[in-house]
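Architecture at a glance
Chain residues, written in single-letter form:
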Amino acid sequence: MNQSIICWKWDDSSIEGDYLAKARELTERFHGDTICIAAHWVHLAFDDPKLIECFRQCADYFHSIGKKLCVEACIRNEGERFFQSFPKDQAWLSHKAEIVLDDEGNGEITLDIEPVYHYWRIAGTCGPQKVMGAWALNKTSDICYRPESLTDIKDRVWIQINTDESGQNVCRQVNYGGEIKTDAGCCLNTLHVRGGKENAGKTAVVMVGTLQPIPDLASEHLMEHYRVMIQAAKTAHVDGVFSDEWGYDVILKIEEVNPYDDNNLFLRHLSVSDSMADKYARRFEGRSLYEDLLSLYYAPEGEEQVSVSAINRYILNLRKIMADNDRQMHGIAKEILGKDTFYGIHPTWWGSVDSLNFEIFKNGFYWWEAVRDVAQTDVVFGTICGIPWELWI
């Protein structure tokens, strides 16, 4: 038996056209054992009856010729459907903003932060709207501050949603070959700080949040919805399920382009959520993830280990959440679809020996803790397993 697997990518046109004719044409050219349908470009929820019926007809055809069908059942693609049941279970991408305060301890800055995409889904088009934490401090270097200068100023910070005379959000203006156009997907909000004279001249470090379009992967309700998806997959007669690029969404910015694929990258955001913070507090004896956000970027002068420890805690918490997700999804798939069902996740994301290091902020490199029936990767893995976290600061 040829145990090769081929991936068949679908979009909206796939389910509107003659997909069974495509299936027949595919199997005439491909003599492997299994077809996997990746449906993340289809604008329907996974359990939508129309999509499930398309899966079922394909599965029945493939079974009739002795082949198997696996389908993409990735809860990361189910934001709209998930939020109908659990509207509060959202995750944010946190972004660090800094303002040097004036003689009155005041300051403001325009927040020009891109929205967050997940395939065709988008969130954050109204700009960041959440303040996760704010501090005033005297910096002594790019990564350190005087510990005695630190003041929590979260209650003195707010975000103003800017609108024009017609009530429309003020958006970024982009120069396209000399023509100025409005980027309607990137709103320009204003971050205000009223720190008081006691903080005059200090730097305000503010963590603002933009919504992610995917469900919060730390949500206690995540597996409840995943179970609904796999029950739907069972009615489609499929032989297995899989997910792609598992983890939170991460935004990278190329600071310097290099043609040899070792671009100088800057990590724009870190994922944060209330559920992630709850697990963080339980795992680390009541510590607050929101209070520790500052330590992911700055350390008290002479106490750099504070940041090293905070980074280690953040990554460990993320890795444990991702590994637990994978174990639970594996168990649910086997329970509902049968012990011999195929279950797989493709966790690798960036695909570059140099840029791959940033993947740790997507899923914590949880791969070695995951449950696997088969192992797969499509990248050259160049990161040392014993990662020296302190290199980040």
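Coordinates for the structure precede this section.
Starting afresh in each chain, residues are numbered from 1 along the sequence in its written order. Owing to the predicted nature of the model, reporting of local features is limited to residues with pLDDT of at least 70; listing and counting of side-chain atom pairs is limited to 80 or more, with chain, interface and lining totals taken over all residues. Think of the side-chain values as coming from all heavy atoms in the structure, minus any hydrogens and water.

Here we come to the packing of helix 5 (residues 222–235) against helix 8 (residues 305–337). Each axis is a line fitted through C-alpha atoms, taken for helices only over the stretch in contact, and angles between the N-to-C directions span 0 to 180 degrees. Numbered from the N terminus, helices here are DSSP runs of H or I no shorter than four residues, and strands are runs of E no shorter than two. Running from N to C, helix 5 and helix 8 point in directions that differ by 35°, and their axes come no closer than 10 Å. For the pair helix 5 and helix 8, the crossing hand works out as right-handed. Two secondary-structure elements touch here, helix 5 through Leu222, Met223, Tyr226, Arg227, Ile230, Gln231, Ala233 and Lys234 and helix 8 through Asn325, Gln328, Met329, Ile332, Ala333, Glu335, Ile336 and Leu337. In terms of residue class, the contact of helix 5 with helix 8 is built from ten nonpolar, three polar and three charged. Crossing handedness follows the turn of the near helix against the far one: under a right angle anticlockwise gives a left-handed crossing, and clockwise gives a right-handed one. Residue contacts are defined here by distance: any two heavy atoms, one from each residue, within 4.5 Å place the two residues in contact. Throughout, the ten residues Ala, Val, Leu, Ile, Met, Phe, Trp, Tyr, Cys and Pro are labelled nonpolar, Asp, Glu, Lys and Arg are labelled charged, and all others, Gly among them, are labelled polar.

At least two DSSP bridges between two strands are required for those strands to pair. Read from one edge of the open sheet, five strands run 1-2-3-15-20, paired in parallel fashion. Each of the sheet's edge strands pairs with one partner strand only, and the pair in question is strand 1 (5–11) and strand 20 (342–346). Within this sheet the neighbouring strands show an average axis-to-axis angle of 25°, counted without direction. One ladder, built from five bridges, connects strand 15 (residues 240–244) with strand 20; its direction is parallel.

What follows deals with empty space enclosed by the protein. To locate leftover empty space, one rolls a probe as large as a water molecule over the atoms. For cavity detection a 1 Å grid was placed over the protein atoms alone, and a set of points counts as a cavity when a 1.4 Å probe fits there but cannot get out; an open set counts as a pocket when protein lies on both sides within 12 Å along at least five of seven lines, with lining residues being those that have an atom within 4 Å of a point. Grid points are joined across faces, edges and corners, and a volume is the space filled by probe spheres set on the points. Scanning all chains against the criterion turns up one cavity of 30 Å³ or more. Along the walls of the largest cavity sit 13 residues, with Ala39, Phe46, Glu72, Asn77 and Glu78 positioned nearest its centre. In terms of residue class, the lining of the largest cavity is built from eight nonpolar, two polar and three charged.

This part covers the environment of Cys74. Mapped onto the elements of the fold, Cys74 is located in the loop between strand 3 (68–72) and helix 4 (79–85). On the basis of relative accessibility, which here comes to 2%, the residue Cys74 falls in the buried class. Each C-alpha atom of the pair Cys74 and Ile345 lies 9.1 Å from the other, and the pair is 271 residues apart in sequence. With residues up to four places along the chain from it excluded, the contact list for Cys74 reads Met229, Phe242, Ser243, Asp244 and Trp246. A 1.4 Å probe rolled over the protein chains alone gives each residue an accessible area, and that area as a share of the maximum for its type sets the label: buried under 20%, exposed over 50%, partly exposed in between.

The next subject is the environment of Asn189. Within the secondary structure, Asn189 sits in strand 13 (residues 179–194). On the accessibility criterion, Asn189 (0% relative accessible area) is buried. Excluding residues that lie within four positions of it along the chain, Asn189 makes contacts with Ile109, Thr110, Leu111, Cys126, Gly127, Pro128, Gln129, Ile159, Gln160, Ile161 and Asn162. Under this definition, polar contacts are N or O atom pairs within 3.5 Å; protein pairs additionally need one hydrogen-donor-capable and one acceptor-capable atom, and for neighbouring residues in sequence, both atoms have to be side-chain atoms. At 2.9 Å, the side chain of Asn189 forms a polar contact with the backbone oxygen of Cys126. Within the structure, the side chain of Asn189 is placed 3.2 Å from the backbone oxygen of Pro128, a separation counted as a polar contact.

This brings us to the pairing of strand 8 (residues 130–137). Most of strand 8 is tucked away: seven of the eight residues are buried. Note: strand 8 against strand 14 (residues 203–215), seven bridges, orientation antiparallel. Within strand 14, the position partnered with Leu137 by the bridge is Thr203. Where strand 8 meets strand 10 (residues 151–152), two bridges bridge the pair, whose relative direction is antiparallel. Paired with Trp135 across the strands is Asp152, a residue of strand 10.

What follows covers unusual backbone geometry. One non-glycine residue, His237, adopts positive backbone phi at about 65°. Inspection of the secondary structure assignment puts His237 in the loop between helix 5 and strand 15. A positive phi is found at Phe365, a non-glycine position, where the angle reads about 50°. Of note, Phe365 is situated in the segment after helix 9 (360–363). Taking relative accessible area as the criterion, Phe365 reaches 6% and is therefore assigned buried.

Pairing within the open sheet is antiparallel, and its five strands lie in the order 10-8-14-4-18. Single-partner strands in this sheet number two, and they are strand 10 and strand 18 (270–273).

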